[in-house]
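# Coordinate analysis (summary)
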Amino acid sequence: MGLAIFITGRAGCGKTTLVKKLLPNLPQPTVGFYTEEIRDRGNRVGFLIQAIRGVKGVLADLSPGAPRVGKYRVRVEEFEELVLPELAQPAVCCVIDEIGKMELHSQKFRALLPDLTLRFPILLATRALFLPEEIERIWKNASDVRIFTLTPTNREEIYQKVRLHIQEI
């Protein structure tokens, strides 16, 4: 089993920003994805998925007909079409931003989670503060799991700690 590093914290605390800051320091090849807000005239109207290999898609927006998380509708099929091939690639490091309510609407994504630390020597993932128990159980008793709780005041400290953990591998 590889090293799993999880970054958790409240919405808007900087988890994605931290992941993007760490990307240049990750061993290659790296696969995975991060999310970004979609904004229209200063208002958040959805979320993009950005694959490490450069492919983009929409994770959630205000369109009708899809599973709902808050005011957003999750585009499960588009998420799976982008993320599943990305995570099927061989790599040293896998980045998942994030394991949260929107992403967990995909049963195929959920099914991949237990094998991530078997397939990749390094897993760097952001995660919701609270996850369903079956997801929490996946890594609950693993010895090579590090969980860092990010706050607006400890961003640089957490960045340095995570960077050092990755360099040690």
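Keep in mind that what you see is a predicted model, and the values were worked out from it rather than measured. (Residues numbered from 1 in each chain as written. Predicted model: local features only at pLDDT ≥ 70, side-chain atom pairs only at ≥ 80, totals over all residues. Heavy atoms only, no water.)

### Topic: the overall build of the protein
Scanning the protein for helices and strands turns up 6 helices and 9 strands. A globule of 169 residues ought to have a C-alpha radius of gyration of about 15 Å, and the protein, at 15 Å, matches this closely. Projecting the C-alpha coordinates of the protein onto the three principal axes gives extents of approximately 45 × 35 × 30 Å. Considering only contacts in the protein between residues 6 or more positions apart, those separated by 24 or more positions represent 65%. Surface accessibility of the protein: about 8700 Å² in total, with carbon and sulfur atoms responsible for 52%. Put simply, the protein has 24 plus and 20 minus side-chain charges, and the middle of one group is 5 Å from the middle of the other. (Helix = DSSP H or I, 4+ residues; strand = E, 2+ residues; numbered from the N terminus. Rg over C-alpha atoms; globule rule 2.2 N^0.38 Å. Contact = heavy atoms within 4.5 Å. Areas by Shrake-Rupley, 256 points an atom, 1.4 Å probe, with all protein chains shown as cover. Lys, Arg positive; Asp, Glu negative; His and termini not counted. Charge placed at Lys NZ, Arg CZ, Asp CG, Glu CD.)

### Points about the nonpolar core
The biggest cluster of nonpolar side chains holds 34 residues, and the ones touching the most others in it are I96, I99, F109 and L123. Considering every element that reaches this core, the biggest residue donor is helix α2 (residues 76-87), with 5 residues. The residues contacting I99, other than those within four sequence positions of it, are F6, L104, F109, L113, A125, T126, R127, A128, L131, I135 and W139. Residues C13, Y159, V162 and I166 belong to the second largest nonpolar core, which totals 18 residues. (Core = buried A, V, L, I, M, F, W, Y, C linked by side-chain atoms within 4.5 Å. Buried < 20%, exposed > 50% of the residue type's maximum accessible area, 1.4 Å probe, protein only.)

### Description of the environment of Q167
Structurally, the position occupied by Q167 is in helix α6 (residues 155-168). In the structure, Q167 is positioned 142 residues away from N25 in sequence and 8.3 Å away in space, judged by C-alpha atoms.

### Considering the pairing of strand β8 (residues 122-127)
Of all the 6 residues making up β8, 6 are buried; the element is thus mostly covered by neighbouring parts of the structure. Of the two faces of β8, the one holding I122, L124 and T126 and the one holding L123, A125 and R127 are both buried throughout. Looking at chain direction, strand β1 (residues 3-8) and β8 are connected through 6 bridges and run parallel. Within β8, the position partnered with L3 by the bridge is I122. (Pairing = 2+ DSSP bridges.)

### Describing α2
The end-to-end C-alpha separation of α2 is 16 Å, in line with the 16 Å expected for 12 residues at 1.5 Å each. Listed as buried for α2 are V76, F79, E80, L82, V83, E86 and L87. (Expected span 1.5 Å × (residues − 1).)

### Side note on the packing of aromatic side chains
All chains considered together, the criterion is met by 4 aromatic pairs. Their ring planes at 85 degrees and their centres at 5.7 Å tell us that F33 and F79 sit as a pair that is edge-to-face. Remark: F79 occurs in helix α2 and F33 occurs in strand β2 (residues 30-40); sequence separation between them is 46 residues. Each member of the pair F33 and F79 is classed as buried. Ring centres of F79 and F109 lie 5.3 Å apart, and the angle between their planes is 80 degrees; on these two criteria the pair is classed as edge-to-face. Within this pair, whereas F79 is found in helix α2, its partner F109 is found in helix α3 (residues 107-112), the two being separated by 30 residues in sequence. With relative accessibility at 2%, the residue F79 sits in the buried group. What links up through ring pairs into an aromatic cluster is the set F33, F79 and F109. A cation over a ring is seen here: K21 above Y159, with NZ or CZ 4.2 Å from the ring centre. (Phe/Tyr/Trp six-rings, centres within 6.5 Å; stacked < 30°, edge-to-face > 60°. Lys NZ or Arg CZ within 6 Å of the ring centre and 35° of its normal.)

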